[in-house]
Amino acid sequence: MKFSAQQIAEVLKGKVDGDPEAEVSTLSKIEEGRPGSISFLANKAYTQYIYETEASIVVVNEDFIPEKAVKPTMIRVKNAYSAFTMLLEMYQQAKAVQPKVSDKASVATTAQIGKNVFIGDFVAIGENTVIGDNCRIYANTSIGNNCNIGSESTFFAGVKIYDESVIGNRCTFHAGVVVGSDGFGFAPQEDKSYKKIPQIGNVVVEDDVEIGANTTIDCATMGSTLIKKGVKLDNLIQIAHNVEIGENTVVAAQTGISGSTKIGKNCIIAGQVGIIGHLKIPDNTTITAQSGVTKSFKNPGMIIGGSPAFNHSDFQKSSVHFKRLNELVNRINELERKLKNQNITE
Amino acid sequence: MKFSAQQIAEVLKGKVDGDPEAEVSTLSKIEEGRPGSISFLANKAYTQYIYETEASIVVVNEDFIPEKAVKPTMIRVKNAYSAFTMLLEMYQQAKAVQPKVSDKASVATTAQIGKNVFIGDFVAIGENTVIGDNCRIYANTSIGNNCNIGSESTFFAGVKIYDESVIGNRCTFHAGVVVGSDGFGFAPQEDKSYKKIPQIGNVVVEDDVEIGANTTIDCATMGSTLIKKGVKLDNLIQIAHNVEIGENTVVAAQTGISGSTKIGKNCIIAGQVGIIGHLKIPDNTTITAQSGVTKSFKNPGMIIGGSPAFNHSDFQKSSVHFKRLNELVNRINELERKLKNQNITE
Amino acid sequence: MKFSAQQIAEVLKGKVDGDPEAEVSTLSKIEEGRPGSISFLANKAYTQYIYETEASIVVVNEDFIPEKAVKPTMIRVKNAYSAFTMLLEMYQQAKAVQPKVSDKASVATTAQIGKNVFIGDFVAIGENTVIGDNCRIYANTSIGNNCNIGSESTFFAGVKIYDESVIGNRCTFHAGVVVGSDGFGFAPQEDKSYKKIPQIGNVVVEDDVEIGANTTIDCATMGSTLIKKGVKLDNLIQIAHNVEIGENTVVAAQTGISGSTKIGKNCIIAGQVGIIGHLKIPDNTTITAQSGVTKSFKNPGMIIGGSPAFNHSDFQKSSVHFKRLNELVNRINELERKLKNQNITE
């Protein structure tokens, strides 16, 4: 689909400054703009790019005054950033799949499928599972028995949901996500082998949760592993059995949270963090990348770092000294030498 | 399925103390007990919860004497913990899928499928592959050619097994596990490109191995990558080509073991550990979380930590000092100052 | 398939020294050689094994003079290493699947499939997607709409490719790879929830790229996440949105690269490395295992290590001192004691 500057200006309630027939089919960043794309300029720090960009159209604030010739057609609007975000959302909606249940899917006769649902090829949906309205379930996804999926949720290709899982509304699970695998629980036996502890709980994911590709969430031993409303998990994260993650907490890629740990709300957990089991992390905590959290913290709002993790600003100071540890040792050697010489000379 | 206190007491050979008609359909921890669930009290530290729990039934030791009113029906048995474990196992067995080969699976004509096997929708099983009795293979799993799978093994949804893999009896592979992908072997060329070294070996997994969701195990360059009897691997673990893991070793989530490293038996390897290639880790070694193991260790039974890893109790001491490195530097500054002043005053 | 020493010698243009009827069906390392396998001896350090190996045939350099009796049949050739590599490649080619499109696959009517392609069971290929000649796409793989896949590329089982992805020639993606999942981009709102930033870009993978099992590559917010020619990625790696990786860079397992970071060409990045967003890593950089890279580096060819990462040889020195930090603190204590005593005695 191609759109002209004139058509887009009408949608954005803006004014065309340049060729109204300039056409675009995609969106781009101004510094990477290519012919046939529309870009935007909102941040003054990027102004230089409008004189260089190859984008065909650029959305600008209405008061923008160029200092040189501008090649692309400009569309002048009140707020270039908001206008461009609107275009982004329209673009994404235009790409959304149309509702349809593939005749190559396998839906159990006892499953209940809502209205306007897309179910792709080779999707397997188990007994008594309920899928809400407007869900989109892509190819090769498998949903077990007795699951309950809210409305407007999207599962991309190859998601695997175990039996008894409960998923909220407007959730997005990316390709390869696993929800409900057994917790890692084994009782050591006298002969040094391990006996499996049955994991009969489930996973509950509340509304508006996004889960990144190939992330895994284990079911609870008993009860529920709980991912609360608005949580955002990146790719390749491990969430162990009986973990709870509070509302609107975000977790970056490759972080692992061990069994029964409770994370508060509005936390920011960076990438490759490890958190051991049975801890409590208070609300508004920030944990920096690659930290290893080995104890609970009490005060909300801390920034912690390091492995084992402590106050982040102290960690930064220690890290600076760690770099120069060799120099420090030389200084101690020198002190010892001087003191020894002193004693000899005395 | 619902069961009454009376029915459960008969199974457990216990005595009902309270309403014999109280009904439950699931199990719970006493501190999280909800109506319709059965819980247990074995550890005295949890006694307070029996006065608060909303569980409908609680299994208790026969000599338990409540100090206040107990709302749930109690079932008195000799050993509350064992009795509850028995219920857990019965619960899990009751949920097991019934044997059936889906007509939406694709089983090669030369494959041999044992008795009482469950094969789910969209499962692909290759040429000459043998599947033992009582296996359960869930939807969207793919098993290559010439594989040999023992009996009573379970592959959850979306497991991928490459050609020539050998899997033992009573193994459990969780959703998204990959077994047999190529080892990461490339020979640098003069033009700075890399040429792939063919990876023609396989993976051998012995009996009673459990592998967590989205864990990957590469095939050997030649010969076999070997996971021995009773090994338990958590989620998102990477096992490289030609690795060997000894009997009853457990490995927690997101750990990576590099090519040709041999891990002994009865080891405990925590989460997010990295072990470089071509090492030997002796029996009974414990490696703490996020360690980076860069050399072989000789003595069995060590606990090692840190990155690079060394004796764990030394690592703990060093970590304590690391936290206070800034203070330490201040002390050195002060020493230098004093010594300088001394010299001046002398 | 079995081959005799005589047959193999003819292929390798070598001479049989021993039983020309000795038969083999696979290849092995000389130190692990088992009956029915062919091995090789090129490196003198391994000479001892030729007197012990159970391999049935060993390829040796033509000038090899045994010092003891050799049990296996030898095939003497000009260059034993090259000859064996040739056998490895022939072995692997002999195992390659034959072209065929499964009648259990789902190929959109608007997709274009090249010549001599293998498409396995339960593969889903979307609208307008182009698959080049000689590609091999294994079971349960899902390829979205408007993708372009070059020729001679292989996708193992359960690969998931999102819409609009562009993949080059001779690429190999292992089982469970995800290409094109949304970048992790959310704008914080006043009520502490997050609003998703639409991710409308794609992923471009150039020629000769290998990607390991369960690795994930996010699409760009706008524009393309770019994996250049000859890059090799190991298993369970995370590549975030708008990342660029230069030609012939290799990355080991479980490494994560955050959004918009640009990695140069010919870099070597070890396992479990984390690199934060918006950095530039120059050509020929080596990053050691478990490093945490928090800033850009300017000079090409550096070796960096540690978390936060700095010059690797400095990191090694600091690590040695870190191990002995307790001893160092004792020395400072002692210095302080001595100086204090001095002052008292003075």
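Residues numbered from 1 in each chain as written. Chains lettered and ligands numbered in written order. Predicted model: local features only at pLDDT ≥ 70, side-chain atom pairs only at ≥ 80, totals over all residues. Heavy atoms only, no water.

(A) Expanded view of the interface of chain A and chain B. Counting residues at the interface gives 63 residues for chain A, matched by 57 residues for chain B. Taken over both partners, the interface formed by chain A and chain B buries close to 4900 Å², and the fraction arising from carbon and sulfur atoms is 59%. Looking only at chain A, the three residues that lose the most surface to chain B are A:Phe184, A:Ile200 and A:Met222, adding up to 14% of its buried area. Here chain A is connected to chain B by four salt bridges. With its nearest N and O atoms 2.8 Å apart, the salt bridge here joins B:Glu336 to A:Arg331. Our count for the contact surface shared by chain A and chain B stands at 28 residue pairs in polar contact (both at pLDDT 80 or more). When residues in the side of chain A that touches chain B are grouped by element, the largest group, eight residues, is from helix 4 (residues 325–345) of chain A. Looking at the side of chain A that touches chain B, its residues break down into 24 nonpolar, 27 polar and twelve charged. (Contact = heavy atoms within 4.5 Å. Buried area = accessible area lost by both parts, 1.4 Å probe. Salt bridge = Lys/Arg side-chain N within 4 Å of Asp/Glu carboxyl O. Polar contact = N/O pair within 3.5 Å; in protein donor to acceptor, adjacent residues only side chain to side chain. Helix = DSSP H or I, 4+ residues; strand = E, 2+ residues; numbered from the N terminus. Nonpolar A, V, L, I, M, F, W, Y, C, P; charged D, E, K, R; others polar.)

(B) Spatial organisation of the sheet that holds strand 33 (residues 262–263) of chain A. Residues and elements named next belong to chain A. Taken together, nine strands build an open sheet; the order of strands is 10-13-16-19-24-27-30-33-36 and the sheet is parallel. The two strands at the open ends of the sheet, each matched to only one other strand, are strand 10 (112–113) and strand 36 (280–281). By the bridge criterion, two bridges tie strand 13 (residues 130–131) to strand 16 (residues 148–149) in an arrangement that is parallel. Within the sheet, the bridge partner assigned to Val-130 lies in strand 16 and is Asn-148. (Pairing = 2+ DSSP bridges.)

(C) Representation of the pairing of strand 7 (residues 73–77) of chain B. Residues and elements named next belong to chain B. Strand 7 sits mainly inside the fold: five of its five residues count as buried. The alternating pattern of strand 7 places Thr-73, Ile-75 and Val-77 on one face and Met-74 and Arg-76 on the opposite face, and all of these are buried. Judged from the three bridges that link them, strand 2 (residues 15–17) and strand 7 form a sheet pairing that is antiparallel. Across the sheet, the residue bridging to Val-16 is Ile-75, located in strand 7. (Buried < 20%, exposed > 50% of the residue type's maximum accessible area, 1.4 Å probe, protein only.)

(D) Examining the pattern of salt bridges more closely. Under the counting rule described, the total for this entry stands at 33 salt bridges over all chains. The residue C:Lys195 makes a salt bridge to A:Glu89 at a minimum N-O spacing of 3.4 Å. In this pair, C:Lys195 sits in strand 23 (residues 194–196) while A:Glu89 sits in helix 2 (residues 80–95), so the two residues belong to two different chains. Assessed through its relative accessible area of 41%, C:Lys195 is described here as partly exposed. The structure contains a network of salt bridges with shared partners spanning A:Arg170, A:Asp207, A:Asp208 and A:Lys229.

(E) Focus on the side chain of A:Thr249. All names here are of chain A. In this structure, Thr-249 sits in the loop between strand 30 (244–245) and strand 31 (250–251). Accessibility expressed as a relative area gives 0% for Thr-249, which makes it buried. At 2.9 Å, the side chain of Thr-249 forms a polar contact with the backbone nitrogen of Cys-267. Contact partners of Thr-249, with chain neighbours within four places excluded, come to Val-231, Lys-232, Ile-263, Gly-264, Lys-265, Asn-266 and Cys-267.

(F) Spotlight on the relation of the copies chain A and chain B. For these two chains of identical sequence, chain A goes onto chain B by a turn of 120° and a shift of 0.1 Å along the axis, with RMSD 0.2 Å. The operation mapping one copy onto its partner corresponds to a three-fold rotation axis. (Least-squares fit on C-alpha atoms with pLDDT ≥ 70 in both.)

(G) Region of interest: a nonpolar patch on the surface. A cluster of nonpolar side chains, namely A:Val11, A:Met86 and A:Met90, defines an oily patch on the protein surface of about 230 Å² accessible area. Assignment of secondary structure puts A:Met86 in helix 2. (Patch = residues over 30% accessible without salt bridge, like charges linked within 9 Å, V, L, I, M, F, W, Y side chains within 5 Å. Areas by Shrake-Rupley, 256 points an atom, 1.4 Å probe, with all protein chains shown as cover.)

(H) Quick look at the interface of chain C and chain A. With 63 residues of chain C at the contact, the number on the chain A side is 57 residues. At the boundary of chain C with chain A, total buried surface from both sides reaches about 4900 Å², with 59% on carbon and sulfur atoms. Scanning the region where chain C abuts chain A turns up four salt bridges. Where A:Glu210 meets C:Lys196, a salt bridge forms, and the shortest distance between an N and an O atom there is 2.7 Å. For the pair chain C and chain A, the number of links is 28 residue pairs in polar contact (both at pLDDT 80 or more). Those elements giving two or more residues to the side of chain C that touches chain A turn out to be strand 21 (178–181), strand 23, strand 26 (216–218), helix 3 (312–323) and helix 4 (325–345) of chain C. Residue classes in the side of chain C that touches chain A are distributed as 24 nonpolar, 27 polar and twelve charged.

(I) Seen up close, the sheet that holds strand 35 (residues 274–275) of chain B. Residue and element names in this part refer to chain B. Strand order in the open sheet made by the ten strands is 9-12-15-18-21-26-29-32-35-38, with parallel pairing throughout. Two strands bound the open sheet, and with one partner strand each, they are strand 9 (106–107) and strand 38 (292–293). In terms of strand pairing, strand 18 (residues 160–161) meets strand 21 (residues 178–181) through two bridges, oriented parallel. Within the sheet, the bridge partner assigned to Ile-161 lies in strand 21 and is Val-179.

(J) Spotlight on the side chain of B:Thr255. As for its position among the elements, B:Thr255 is in the loop between strand 31 (250–251) and strand 32 (256–257). Reaching out from B:Thr255, the side chain makes a polar contact with the backbone nitrogen of B:Val273 at a distance of 2.9 Å. Filtering out sequence-adjacent residues up to four positions away, B:Thr255 remains in contact with B:Leu236, B:Ile237, B:Gln238, B:Ile269, B:Ala270, B:Gly271, B:Gln272, B:Val273, C:Gln254 and C:Gln272.

(K) Molecular detail of helix 3 (residues 312–323) of chain B. The first and last C-alpha atoms of helix 3 of chain B sit 17 Å apart over twelve residues, in line with the 16 Å expected at 1.5 Å per residue. Among the residues of helix 3 of chain B, those classed as buried are B:His312, B:Phe315, B:Ser318, B:Ser319, B:His321 and B:Phe322. (Expected span 1.5 Å × (residues − 1).)

(L) Focus on the pairing of strand 21 of chain B. Strand direction decides the pairing type here: strand 21 of chain B and strand 26 (residues 216–218) of chain B, joined by three bridges, are parallel. In the strand pairing of strand 26 of chain B, B:Val179 is matched with B:Ile217.

(M) Molecular detail of the confidence of the model for chain A. Of the residues in chain A, 99% reach a pLDDT of 70 or more, and the chain-wide mean stands at 96. Scored as a complex, the prediction yields pTM 0.95 and ipTM 0.94. (pLDDT = per-residue confidence, 0-100.)

(N) Structural view of unusual backbone geometry. Note the cis peptide between B:Ser307 and B:Pro308, where omega equals 5°. Structurally, B:Pro308 is set in the loop between strand 39 (303–305) and strand 40 (310–311). Phi is positive for A:Asn128, which is not a glycine, with a value near 65°. Inspection of the secondary structure assignment puts A:Asn128 in the loop between strand 12 (124–125) and strand 13. Notably, B:Asp208 is not glycine yet its phi reads approximately 60°, a positive angle. Take B:Asp208: it is sitting in the loop between strand 24 (202–205) and strand 25 (210–211).

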